[in-house]
Amino acid sequence: MDICVVALGKIGLPLAVQYASMGHRVRGADINRELVDCINRGEEPFPGEADLAERLSTVVRDGSLTAGTDTTAAVADSDIVVVVVPLVVDSNAEPDYTAMDAATESIGKGIKPGTLVIYETTLPVGTTRERFTPRLAELSGTTPGEDLMVCFSPERVYSGRIFADLRKYPKIVGGIDDRSAAAAIAFYESVLSFDDRDDLDRPNGVWDVGTAEAAELVKLAETTYRDVNIGLANEFARYARSNGIDIHSVIEAANSQPFSHLHQPGISVGGHCIPVYPRLYLSNDPGALLPAASRTTNERMPAWFADMLRAAMGGSLEGRRVLVAGLAYRGGVKEPAFSGTYPLVAALEALGASVGVHDPLFTDAELAAEGFEPAQPGPGWEAVVLHTDHAEYLEWSPADLPDASVVVDGRSFLDPQAW
């Protein structure tokens, strides 16, 4: 089978490697020439993804995976096209389709009759059928339901453990018609294998949810549910702190009840999923109260933590030197997308602090390119705010920060007794 994967980022590249590992010929397409060259050398372009380096080297060496910058040409040589181009939101929290539309243009120009196009990028409900399918048909001269098949299938994987998650979770598919769904089911059954799951109501595998719209809603529902849960935990945390209650013991006890799960509160939730996908849902359902309230709650947490530090340091941060530990949105992953460090640093600086940022996965030049003062632990830092749960930070101790009088643990990650 000839497969094209469009966009070779932290999700797309492992998917391309997975497909190639199952004996198929895969062409990866990405507009980033440096990334493409790195992949064609068999080198892992980003750290932190389990088993990727070895598996990538193998499939590049045996010729089953190649990469290029010409999306149209790669599509023209393929029977299946899997699209993993990120969809972000603009400054007004509305979907920004610029990259997705550009990718769809390039794909449409390469489609031949009988091609199956699968969008895995999280989308507002109705986007696959109403926005992308007509444009693919127009550009290719094909007819949906006859010689063009289109499906939506959300990615349900977590950076750092993608290959394990591909086995663990059912693969959701929804076509624009029955023929598209059947083709997608056959494709995923040929490129994925699944763990046995006794906890599921039906066997683990490829699950057809009936329509592209239902499949789009699956991912939006999953991520928006998490955002609402996190928002509620953050509201509890704010109340608990103002009343001298240990929120972590409360959450531990609450989660001991069967079927209960309340997220730990935290300084922020970053990455492409939680900050963005509830906004995509709200673009469909702008009157939804809970998702909107949760987004508001979660987005104000960095400023709340900054104010917590201000209070702990006697009511003023003017001129105080504060070290922020971590740029990445979560530990062990070199990804700054929608990281809470950006609003956290802005909030601290607005209170008069002089702020440095440290992250073991980023060079000083990379931190500076993001607009931060690169920093290292040592004397001179009067306070520390832990933003990211990198394992390296568990090795820090008061000896590494001898002048710090306050540590704000934004992830409930450090051992208080050690400090």
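Residues numbered from 1 in each chain as written. Predicted model: local features only at pLDDT ≥ 70, side-chain atom pairs only at ≥ 80, totals over all residues. Heavy atoms only, no water.

**A short note on the overall build of the protein chain**
We apply this condition: Helix numbering and strand numbering both begin at the N terminus, where a helix is a DSSP run of H or I of at least 4 residues and a strand a DSSP run of E of at least 2. Based on C-alpha atoms, the radius of gyration is set beside the globule rule, defined as 2.2 Å times the residue count to the power 0.38. Between buried and exposed lies partly exposed: a residue is buried under 20% and exposed over 50% of the maximum accessible area for its type, with that area taken using a 1.4 Å probe on protein chains only. The contact definition used throughout considers only heavy atoms, calling two residues in contact when any of these lie within 4.5 Å. Residue-level accessible areas treat just the shown protein chains as cover; the underlying method is Shrake-Rupley with a 1.4 Å probe. His is not counted, nor are the chain ends, whereas Lys and Arg count as positive and Asp and Glu as negative. Here the site of a charge means NZ on Lys, CZ on Arg, CG on Asp, or CD on Glu.
Along the backbone of the protein chain there are 15 helices and 14 strands. The C-alpha radius of gyration computed for the protein chain amounts to 23 Å, which stays within 12% of the reference 22 Å derived for 419 residues, consistent with globular compactness. Residue burial in the protein chain is summarised as follows: out of 419 residues, 50% are buried. Long-range contacts, defined as pairs at least 24 residues apart, comprise 72% of the intrachain contacts of the protein chain with a sequence gap of at least 6. In the form shown here, the protein chain has an accessible surface area of approximately 18000 Å², with 51% of it arising from carbon and sulfur atoms. Measuring between centres, the 33 positive side-chain charges of the protein chain sit 1 Å from its 60 negative side-chain charges.

**Some words on empty space enclosed by the protein**
Using the following cut-off: A 1.4 Å probe that fits but cannot get out identifies a cavity on a 1 Å grid over protein atoms alone, an open set with protein on both sides within 12 Å along at least five of seven lines counts as a pocket, and a residue lines either if it has an atom within 4 Å of a point. Grid points are joined across faces, edges and corners, and a volume is the space filled by probe spheres set on the points. All residues other than Ala, Val, Leu, Ile, Met, Phe, Trp, Tyr, Cys, Pro, Asp, Glu, Lys and Arg, Gly among them, are scored as polar; the first ten of these are nonpolar and the last four charged.
All told, the structure shown has three cavities of 30 Å³ or more when counted by the stated rule. Volume-wise, the largest cavity comes out at about 70 Å³. Residue composition of the lining of the largest cavity, grouped by class: six nonpolar, no polar and five charged. Considering only enclosed or pocket space, the second largest cavity measures out at about 40 Å³ in volume.

**Looking at the packing of aromatic side chains**
The test is simple: By convention, a stacked pair of Phe, Tyr or Trp rings (six-membered ring in the case of Trp) has centres within 6.5 Å and planes under 30 degrees apart, an edge-to-face pair has planes over 60 apart, and any other such pair is tilted. Charge-over-ring contacts are defined here by two conditions on Lys NZ or Arg CZ: a distance within 6 Å of the ring centre and an angle within 35 degrees of the ring normal.
Inspection of the entire model under this criterion finds seven aromatic pairs. Taken together, a centroid distance of 5.3 Å and an interplanar angle of 85° make the contact between tryptophan 304 and phenylalanine 305 edge-to-face. Comparing tryptophan 304 with phenylalanine 305, the two get one shared label, buried. With a centroid separation of 5.3 Å and an interplanar angle of 35°, the aromatic rings of tyrosine 342 and phenylalanine 372 are classed as tilted. Here the residue tyrosine 342 occupies a position in helix α14 (residues 341–350), and phenylalanine 372 occupies one in the loop between α15 (364–369) and β13 (383–386), the gap between them amounting to 30 residues. The exposure class of phenylalanine 372 is buried, given its relative accessible area of 8%. One aromatic cluster is present, formed by Tyr19, Phe187 and Tyr188 through successive ring pairs. In this arrangement the basic side chain of arginine 131 is found over the ring face of tyrosine 97, its NZ or CZ atom lying 3.8 Å from the centre.

**Concerning the sheet that holds strand β9 (residues 171–175)**
The condition is simple: Strand pairing follows a simple DSSP-based rule, namely that at least 2 bridges must link the two strands. Inter-axis angles, ranging from 0 to 180 degrees, are taken between N-to-C directions of lines fitted to C-alpha atoms, where helices are fitted over the stretch in contact.
Pairing within the open sheet is mixed, and its eight strands lie in the order β3-β2-β1-β4-β7-β8-β9-β10. With one partner strand each, in any of the chains shown, β3 (65–68) and β10 (206–208) form the two edges of the open sheet. Put simply, the sheet's adjacent strands are angled 25° from each other on average, direction ignored. Those strands touched by helix α5 (residues 98–110) are β1 (2–6), β4 (80–83) and β7 (115–119), and its axis lies near 170° from that of β7. Lying on the sheet, helix α9 (residues 212–242) is in contact with β8 (148–152) and β9; it crosses β9 at an angle near 145°.

**Observations regarding the nonpolar core**
We count it as follows: The criterion is simple. A nonpolar core is a set of buried Ala, Val, Leu, Ile, Met, Phe, Trp, Tyr and Cys residues joined through side-chain atoms within 4.5 Å.
Counting residues in hydrophobic clusters, the biggest one holds 39 residues, and the most contacted among them are Leu13, Tyr19, Leu65, Phe187 and Tyr188. Top element by residues in this core is helix α1 (residues 12–21). It accounts for six residues. The contacts of tyrosine 19, once residues within four sequence positions are left out, are Ile3, Val5, His24, Val26, Val82, Glu120, Phe187, Tyr188 and Val191. Among the nonpolar cores identified, the runner-up in size contains 34 residues, and Val150, Trp207, Ala212 and Leu220 belong to it.

**Topic: the environment of glycine 174**
Among the secondary structure elements, glycine 174 is positioned in strand β9. Its relative accessible area of 0% is what places glycine 174 among the buried residues. Distance from glycine 174 to aspartate 208, taken between C-alpha atoms, is 5.7 Å for residues 34 residues apart in sequence. Aside from chain neighbours lying at most four places away, what touches glycine 174 is Cys151, Phe152, Asp208, Val209, Thr211, Ala212 and Ala215.

**As for α5**
We count it as follows: By definition here, a helix of n residues has an expected span of 1.5 Å times n minus one. It is the directions from the helix axis to the C-beta atoms whose arc is reported.
For α5, built from 13 residues, the straight-helix expectation of 18 Å at 1.5 Å per residue is met to within 8% by its first-to-last C-alpha distance of 19 Å. Those residues of α5 that sit buried are Met100, Ala103, Thr104, Ile107, Gly108 and Gly110. The buried side chains of α5 occupy one side of the element, clustering within an arc of 155° when seen end-on. Facing away from the buried side of α5 by more than 90 degrees, the exposed set consists of Thr98 and Lys109. On its buried face, α5 is in contact with β1, α4 (71–76), β4, β7 and α6 (127–140).

**Examining a nonpolar patch on the surface**
Under the convention used in this document: Note on patches: the residues involved have over 30% relative accessible area and no salt bridge, like charges join within 9 Å, and the nonpolar side chains Val, Leu, Ile, Met, Phe, Trp and Tyr join within 5 Å. Criterion for a salt bridge: a side-chain nitrogen of Lys or Arg within 4 Å of a carboxyl oxygen of Asp or Glu.
Taken together, the side chains of Tyr239, Ile245 and Val250 make up a nonpolar region of the molecular surface, amounting to roughly 290 Å² of accessible area. Relative to the assigned elements, valine 250 resides in helix α10 (residues 247–254).

**A short note on the pairing of strand β14 (residues 406–409)**
Burial along β14 is one-sided: Val406 and Val408 are buried, and none of Val407 and Asp409, which face the opposite way, are. Pairing of β13 with β14, which is carried by four bridges, proceeds in the parallel orientation. Residue pairing in the sheet places valine 385 in a bridge with valine 408 of β14.

**Thoughts on the layout of surface pockets**
Gaps left between atoms show up when a probe the size of a water molecule is rolled over them. In this structure, the second largest pocket occupies an estimated 610 Å³ of space. Along the wall of the second largest pocket there are 24 residues; nearest its centre are Arg241, Ile247, His248, Met308 and Asp409.

**Description of the environment of aspartate 178**
With respect to the helices and strands, aspartate 178 occurs in helix α8 (residues 178–191). Judged by relative accessible area, aspartate 178 falls into the exposed class, the value being 67%. The sequence separation of aspartate 178 and aspartate 415 amounts to 237 residues, and the corresponding C-alpha distance is 54 Å.

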